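What the coordinates show
Chain residues, written in single-letter form:
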Amino acid sequence: MLVSLLTGPWRLGLLAALGACALIAGISRWRRGPVGLTVASSSTALVLALVLVGERLVAWNVSSSVPAGDKFNEWRWVLSAPWGRAGIVVGIVVAAATVILSFVGTRREARPGRRALLVAMRAGACGAALILFLEPALELRHVTREPNHIAILVDDSRSMALAEAPGGDTRAARAARLVAGSRAAFQGWREDHILDFYTFSDTLSPAAESALRHPVHPRGDATLLREALEQIQNRYDSHDLAGIVVVSDGTPTGRFGDGVDDGASQDFLAALGTHVHTAWAGRAGLRDLAVSRILTDEFAFVRTAVKIEAVIRTTGLASIDIPVVLRRDGVPLRSRTVRVGGNVPEARVTFEIVPDRIGKNVYDVSVPILPEESVRDNNTRSFVMRVIRDKIRVLQVAGRPSWDERALRAFFKNDPNVDLISFFILRTFDDIQSVANHELSLIPFPHEELFEQELGSFDLIVFMDFELLHYQMRHYLENIRAYVEQGGALAMVGGAKSFSSGDAYGTPVAEALPVELLPDTGQPGSLYSVDDFRPRVTAEGLLHPITQLRFDRRDNEARWAALPVLQGLNFVAQPRASASVLLEHPALRGRNGRPLPVLVTGDYGKGRSLALLTDASWRWGFVAAGQGDDGRAYTKFWENAVSWLIRDPDLEHLHIESDQAEYAAARGPRLTVRLKDQDYRPAPGVEVGVAVSRTDPKPAAVLMTKVKTDPGGEAILDVAPLAAGSYRASAKARLGDRDVVADDVFLVSPERAELERPEARQDVLRAIAAATGGKYL
């Protein structure tokens, strides 16, 4: 409230003072000599007395002017004159000019005391007039002072659990000792401030001072210091925050990860509007060996070389030779040795691999854990690579032109997803000729290019009625066997010059076939038959994807029985023990008393092979169409065969897939199950069993549940967050009279940035304190 000082006795007193001063100034010649000096001295004494009692008079005036019941604890002077700023300035100038002119006008006065009295009286009159002109008042306030806040932030990220020396104090323990030892300082701060304690890492959380006096359990996967300061800034108004104290090891990630020297960071710190004091909980001397980064593409093409580059980083280690190992699904693939440490704190290791199967695979690069290391969680880094197929590269080699060769070549050429290279022999070395070989050859047979240089780039090799020991092929047969063993696909189709009758017995390629061949005895008809027959589908063939012309078992069996008869069959000793016989001869039997096989499949190493012991499969298309059939059996059969040989996932009825290849530990994976019926249409309302198991570092079952597909044949399962490691999700469903299965892999990885550079950095904390005017400890 405002209390005017010109009310009541104060106004009368000022008017009286103004009149007295004017009267004394008007009779300035009344007295001379010592009387003037006495009056001047008395005036001076009166002014001093007024100054001494002025405070009492003001207090009395205020107390007499304040209404009863009003309380105040603070007051200040104000001017209540209505003249505005310009009028006040003019009034002050006039009063000052009057005093100056009075002083100048009395300079001829011989007696100094008289002159002083005149000037004093005139100055008093001007002062009294100025007070009346300005109308001073007192503003009375009742002020309640609220203390502002000090925010104290203690780092609880994973790097705070590190100790620079084995068995030494951790950074978290040093931070706790600092908080405990500052109890007296905190108590002094509380007289004027409110102390708010927080922990920060990847999130900012309120904390109790008593809890921070003991080492916190480091839990955060990042040190987001800037983000924590932003949250503090948003919690308080600028005048409510007296300061911020940060206790950390100085290893921030996020937007302060590269330091605070850039313009954006400096602008942010300046905009905080308060001091940030920092305390370093780290020490020098940390030793660490880490796989810092993996540089590679997320996708790769099957049977195409891909490079994987690993960055190996050391901290505080002398120069040393380190073995670096690349693994897939825990199985070592490649190993390199690199020298790192000392003056070379970082080195790069490059691996080159050729993925041999499509799908997602979990790879990891690891270095050994050294005894003196402070950090042991960053010596292995895992990643997921998705291997896809661009086009199916097929190499078709036929010993002679035939209907079978023509039909299969046309099948491959009509598929836009197939990149076909086809060779067939137009003449043999036994043909009678009267001119040189180079004049009769359209192109020399490129043995070295096909079966050595480019062999690994093919997804499928098909031999049709081809003599393996002819045409200078002997030196390349081991390459073909190794190609299948390492994940390739091989199909051998029958004919008079194929299998045992084509001298394949005892060759390296024969080892990769799913049948055991017979030696050539030289007896006619012992290795090959030209009789007609209609193959019979075995019980295993009724369920195998290659021989699924119809999904329903009865329909499939009827479909095979309605196909035209075949001509020609290659004799073999027997199927291998691990092979699957899908078609068999209805009458002829082998040495083991079982029906002779017609179509046999099997795995060899990481690859697959197929033996079709006849060269008349073309009749399932051409002849069947002439008999009124749609002719689709031939195409369907070879589509299934190629898909099975190259492990095409589209052949499967059930799929399960995670929405990401790699997850952070805080987010659970989402699994999508898709089920197709016999005709590859969505299968709704089917119950699917889903299991999630951990494969690394310790195999263990994590989840087993069931889901039901929706009208679109899909089901979505949200899994709770999982611990770091690699996982396999599998699904199983009953479709018709068979079980269908599928699986997928994904990775849950910890936040790597926190331990990528674990050394404690005081330069960041120093720079933050300097930029905000704070202090660094």
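Our structure's up above, just so we're on the same page.
The sections below set out a description of the structure shown in this document. (Residues numbered from 1 in each chain as written. Predicted model: local features only at pLDDT ≥ 70, side-chain atom pairs only at ≥ 80, totals over all residues. Heavy atoms only, no water.)

Taken together, Phe-72, Trp-75 and Trp-77 make up a surface patch of nonpolar side chains, about 350 Å² in accessible area. Along the chain, the position of Trp-77 falls in strand 2 (residues 74-79). (Patch = residues over 30% accessible without salt bridge, like charges linked within 9 Å, V, L, I, M, F, W, Y side chains within 5 Å. Areas by Shrake-Rupley, 256 points an atom, 1.4 Å probe, with all protein chains shown as cover. Salt bridge = Lys/Arg side-chain N within 4 Å of Asp/Glu carboxyl O. Helix = DSSP H or I, 4+ residues; strand = E, 2+ residues; numbered from the N terminus.)

Counting 84 residues, the largest nonpolar core has Phe-451, Leu-460 and Phe-463 as its most contacted members. The element contributing the most residues to this core is helix 17 (residues 632-645), with eight residues. The contacts of Phe-463, once residues within four sequence positions are left out, are Val-397, Phe-451, Leu-468, Ile-480, Leu-490, Ala-491, Met-492 and Val-493. Of all hydrophobic cores here, the second largest spans 26 residues; its members include Phe-551, Leu-675, Val-690 and Val-707. (Core = buried A, V, L, I, M, F, W, Y, C linked by side-chain atoms within 4.5 Å. Buried < 20%, exposed > 50% of the residue type's maximum accessible area, 1.4 Å probe, protein only. Contact = heavy atoms within 4.5 Å.)

Strand order in the open sheet formed by five strands is 6-5-4-7-8, and the pairing between neighbours is mixed. Looking along the sheet, the strands with just one partner apiece sit at the ends: strand 6 (204-207) and strand 8 (276-280). Here the average twist between neighbouring strands, direction ignored, is 25 degrees. Relative to strand 5 (residues 193-200), strand 4 (residues 148-155) runs parallel, the two sharing eight bridges. Along strand 5, the bridge assignment pairs Ile-152 with Phe-197. Strands strand 7 (241-248) and strand 8 of the sheet are contacted by helix 19 (residues 762-772), whose axis makes an angle of about 160 degrees with strand 8. (Pairing = 2+ DSSP bridges. Axes fitted to C-alpha atoms, helices over the stretch in contact; angles between N-to-C directions.)

Attention now goes to the pairing of strand 13 (residues 331-340). With nine bridges connecting them, strand 12 (residues 320-328) and strand 13 associate as antiparallel partners. Within the sheet, the bridge partner assigned to Leu-326 lies in strand 13 and is Arg-334. Linking strand 12 back to strand 13 in an antiparallel pair, the connection comprises two residues, with Asp-329 at a positive phi of about 50 degrees.

A few words on the packing of aromatic side chains. Ring pairs (aromatic) are described by centroid distance and by the angle formed between their planes. Tallied over the entire structure, the rule returns 16 aromatic pairs. Between the aromatic rings of Phe-186 and Trp-189, the centroid separation amounts to 5.6 Å while the plane-to-plane angle is 55 degrees, which identifies the pairing as tilted. Here Trp-189 and Phe-186 lie together in helix 6 (residues 183-189), a separation of three residues that amounts to about one turn. Residue class for Phe-186 comes out buried when judged on its relative accessible area of 5%. The partly exposed category is assigned to Trp-189, whose relative accessible area is 33%. With a centroid separation of 5.6 Å and 10 degrees between ring planes, the pair formed by Phe-463 and Phe-466 is classed as stacked. Comparing Phe-463 with Phe-466, the two get one shared label, buried. (Phe/Tyr/Trp six-rings, centres within 6.5 Å; stacked < 30°, edge-to-face > 60°.)

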